[in-house]
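What follows is each chain in one-letter form.
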Amino acid sequence: MVIVLFGAPGVGKGTIGNLLSKDLKIPLVSTGDILRRNVKEATELGSEAKSFMEKGALVPDEIIIKMMQEEIFRLKGGFILDGFPRTFNQVKELENAMGNNSYDVINLKTEDDLLIKRLSNRRICRNCGAIYHLINIPPERKGICDKCGGSLYQREDDREDVIKERLALFHTKAQPIIDYYQEKGILRNVDASLPLQKIIDLIKDDSYQE
Ligand SMILES: [Zn+2]
C-alpha cells in the first residue's frame, strides 16, 4: 500500500504517519527526514543540498526529487509519503516512479481555527525540549516544565499571527495539488479532528470517502 499524506501544519500529520507506519508495517518516508539523513551521511545529494541550506536558501526541487526517487525505488513494497509531493514537478515525478501502481492520497482536513488553537497553545521547555499544550497537556505549574523544572516558552512559529501566515501559505501551495488529485479521483478526505485511532482506521479503509 502506498499512501501520500497531505495536511496543514498542526493537523498531526507526523503523529498520524507514525501510527499508520507501525500499524501497516510500512515505512514512513518524510522529505524532512530524508533530507537530514542525506546531509548527515554527506551523500552527493546531501552535500549539494547542504550548500543551499547553509546560504539559508531553499533546497531546489531537482535535489529533493532525486533523493525521494532513490527512496521510492528502494521501498517498492509500500510506504507512506509525508511532505512529498509539494510541487507539480514532484507530482509528475511521483507518477513516473509509481508507473501503473496505485496509491491513495489522503487529505487530512480540519478547520483552520482548530489548528490555530492547537498550535498557539503549544509551549516547549527551554531546557529539555518537552512539549506541553496549555489546554490538552498543561504543565502542573504555570510556565514550568514538569520533568526538569526548566522554563517554558512559545516558539516564534507558534504565535497566532505567524500560524495564520503559515496556514495561508500552506493553502496557497497545497490546494492546487489537492484539487489535481481530487480530479484524478485518488483523493480521500479524512476529518483530522476525529480521535487518532478512528483516523487511522478510515485511512486504512480504502473504500472510505468522506
Ligand atoms: Zn524540561
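Residues numbered from 1 in each chain as written. Predicted model: local features only at pLDDT ≥ 70, side-chain atom pairs only at ≥ 80, totals over all residues. Heavy atoms only, no water.

Asks: Hey, could you run me through the packing of helix 3 (residues 44-54) against helix 4 (residues 61-74) in this one?
Replies: Helices that pack against each other are described as a pair by the angle of their axes relative to one another and the distance between those axes. Contact geometry of helix 3 with helix 4 gives a least axis separation of 10 Å together with a crossing angle of 150°. In terms of their interaxial angle, helix 3 and helix 4 are classed as roughly antiparallel. In this structure, helix 3 crosses over helix 4, and the sense of that crossing is left-handed. Facing helix 3, whose interface residues are Leu45, Gly46, Glu48, Ala49 and Phe52, helix 4 presents Ile63, Lys66, Met67 and Glu70. Here the residues of the contact of helix 3 with helix 4 are counted per class, giving five nonpolar, one polar and three charged. (Axes fitted to C-alpha atoms, helices over the stretch in contact; angles between N-to-C directions. Helix = DSSP H or I, 4+ residues; strand = E, 2+ residues; numbered from the N terminus. Parallel < 35°, antiparallel > 145°, perpendicular 65-115°, else oblique. Left-handed = near helix turned anticlockwise from the far one by under 90°. Contact = heavy atoms within 4.5 Å. Nonpolar A, V, L, I, M, F, W, Y, C, P; charged D, E, K, R; others polar.)

Asks: Sorry, what's going on with the pairing of strand 5 (residues 122-125) here?
Replies: Across three bridges, the pairing between strand 5 and strand 6 (residues 131-133) is antiparallel. In the sheet register, Ile124 faces strand 6, and the bridge partner there is Ile131. Sheet topology places strand 5 next to strand 7 (residues 152-153); two bridges connect them, and they run antiparallel. Looking across to strand 7, one finds that Cys125 is bridged to Leu152. (Pairing = 2+ DSSP bridges.)

Asks: What exactly am I supposed to notice about the coordination of the zinc ion here?
Replies: Angles between donor atoms at a metal ideally measure 109.5 degrees for a four-coordinate tetrahedral arrangement and either 90 or 180 degrees for a six-coordinate octahedral one. For the zinc ion, the full set of protein donor atoms is Cys125 (SG), Cys128 (SG), Cys145 (SG) and Cys148 (SG), at a range of 2.3 to 2.4 Å. One can describe the site at the zinc ion as tetrahedral: its four donor atoms subtend angles covering 98 to 115° at the metal. Counting residues between consecutive donors of the zinc ion along the chain gives the motif C-x2-C-x16-C-x2-C. Here Cys125 is found in strand 5, whereas its partner Cys145 is found in the loop between strand 6 and strand 7, with 20 residues between them in sequence. Given a relative accessible area of 3%, Cys145 falls into the buried group. (Donors = N, O, S within 2.8 Å, 3.2 Å for Na, K, Ca; no water. Tetrahedral: all angles 85-135°; square planar, octahedral: opposite > 155°, others 65-115°. Buried < 20%, exposed > 50% of the residue type's maximum accessible area, 1.4 Å probe, protein only.)

Asks: Where do I start with the pairing of strand 1 (residues 2-7) in this structure?
Replies: Successive residues of a regular strand alternate their side chains across the two faces of the sheet. Judged by how many residues are buried, strand 1 sits mostly within the fold: six of six residues are covered. Neither face of strand 1 is exposed, since Val2, Val4 and Phe6 on one face and Ile3, Leu5 and Gly7 on the opposite face are all buried. The sheet contact formed by strand 1 and strand 3 (residues 79-82) spans four bridges and is parallel. Along strand 3, the bridge assignment pairs Val2 with Phe79. Sheet analysis places strand 1 next to strand 4 (residues 104-109), joined by five bridges and oriented parallel. The residue bridging Gly7 from the neighbouring strand is Leu108, located in strand 4.

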